[in-house]
Amino acid sequence: MSESWFALSRADQAEALNVAAGRTGRPAHLLEKDIWVVWALSAIYASPLADKLTFKGGTSLSKVYKIIDRFSEDIDLTYDIRELVPDLLQGGNPIPVSASQEKKITSAVRARLPEWIAGSVKPVLEDSLVSSRALAEFRVDGKDSEKLIIDYSAVKTGTGYAAASIQLEFGARATGEPNSRHMVDCDIAAVIEGVEFPVAAPLVMAVERTFWEKATAAHVYSLQGRLRGERYSRHWYDLAAMAKTGHVALAAGDRHLARAVAEHKSVFFAEKDANGSKVNYLKAVTGRLQLVPAGAALAALESDYTAMSEDGLLALHQPSFAEIMEKCLSIQDEVNHKARNG
């Protein structure tokens, strides 16, 4: 009978991680971190929260769709806006019809979401921690207390770029649709026998929506010319990877979805460019998408990409930063051409 990963001694865990690292070519500390990513997803999606949260972002591209060959450490989750603020939606419409309604919704989300995380999500994880006999602590983070951090007792460590923690970041100003249910397992499970690892069945956002979410984020950065923090270069890497699978073409052809993302971001995530002018998301999805920044912004992005690579978050034989930018320029041209010519 297989023994649970968390029931193994730390010495046995270290040995298994070393063996798995040799067999997969992935750093031991990232294989360990991946176990905690799946553990967190397993806890959430085995609970009553399962139908209310959509798993999205780079980690979904890696763990679910197998599109990207990099380690993605954060868990992005959308709590259905219709669940959190149903009293503020007109006719159940998740998009505000006025600026005043948007302000009311945003204010309510900022007030209610942290309470929901503390009262509903944290207890689920705490119960799972006890039942699995795992070692970790939880803390709340983020400007609006929208992040729940899992600090686990690491057996292996890397350069420090990827810390011994899992960040669950929650949003609640969208529905998370389109989405569907998928199975997720640990990377180490395929190469280590006789051990029971966590598995999960999350509700996952469609790749095409993830493309437009990342493309519009890259567009804003290109217009602003400033990083929002570390680990930002991953978005460009992911965009380039999506182009290899055909999902970019599918996303570019879905004009309804593109406009839906633009409409949502225009209302809830208004931004200004480097000159102080309002970013027009509709232009980004109708033929004027900009994915490649210039000058100091490009240099900062390259530096972040180098740091990500040095900590082993990318698998072997990955594209250079210049190749990624070249691919993103090609994506930009393809998407803009299709938007202008139908």
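See the structure above.
So, how was this worked out
- Residues numbered from 1 in each chain as written.
- Predicted model: local features only at pLDDT ≥ 70, side-chain atom pairs only at ≥ 80, totals over all residues.
- Heavy atoms only, no water.
- Core = buried A, V, L, I, M, F, W, Y, C linked by side-chain atoms within 4.5 Å.
- Buried < 20%, exposed > 50% of the residue type's maximum accessible area, 1.4 Å probe, protein only.
- Helix = DSSP H or I, 4+ residues; strand = E, 2+ residues; numbered from the N terminus.
- Contact = heavy atoms within 4.5 Å.
- Phe/Tyr/Trp six-rings, centres within 6.5 Å; stacked < 30°, edge-to-face > 60°.
- Axes fitted to C-alpha atoms, helices over the stretch in contact; angles between N-to-C directions.
- Parallel < 35°, antiparallel > 145°, perpendicular 65-115°, else oblique.
- Nonpolar A, V, L, I, M, F, W, Y, C, P; charged D, E, K, R; others polar.

## Some details on the nonpolar core
Consideration 1: In terms of nonpolar packing, the biggest core is built from 64 residues, with Trp36, Trp116, Leu125, Ile150, Leu168 and Phe170 touching the most fellow members.
Consideration 2: Here this core takes 12 residues from helix H2 (residues 28-45), the largest share from any one element.
Consideration 3: Ignoring sequence-local partners within four residues, the contact set of Ile150 consists of Trp36, Trp39, Ala40, Leu125, Ala136, Glu137, Phe138, Ala164, Ser165, Ile166 and Leu168.

## Description of the packing of aromatic side chains
Consideration 1: Tallied over the full model, the rule gives nine aromatic pairs.
Consideration 2: Members of the aromatic cluster, each reached through a chain of ring pairs, are Phe6, Trp36, Trp39 and Tyr152.

## So, the environment of Lys66
Consideration 1: With respect to the helices and strands, the residue Lys66 is situated in the loop between helix H3 (58-63) and strand E3 (75-79).
Consideration 2: For the pair Lys66 and Thr245, spaced 179 residues apart in sequence, the C-alpha to C-alpha distance is 10.0 Å.

## Quick look at the packing of helix H1 (residues 10-24) against H2
Consideration 1: Interaxial distance between H1 and H2 falls to 8 Å at its minimum, and their mutual angle equals 110 degrees. One finds that H1 runs roughly perpendicular with respect to H2. Counted together, Leu17, Asn18, Ala20, Ala21 and Thr24 of H1 and Ala28, Leu31 and Glu32 of H2 form the full contact between these two elements.
Consideration 2: Residue composition of the contact of H1 with H2, grouped by class: five nonpolar, two polar and one charged.

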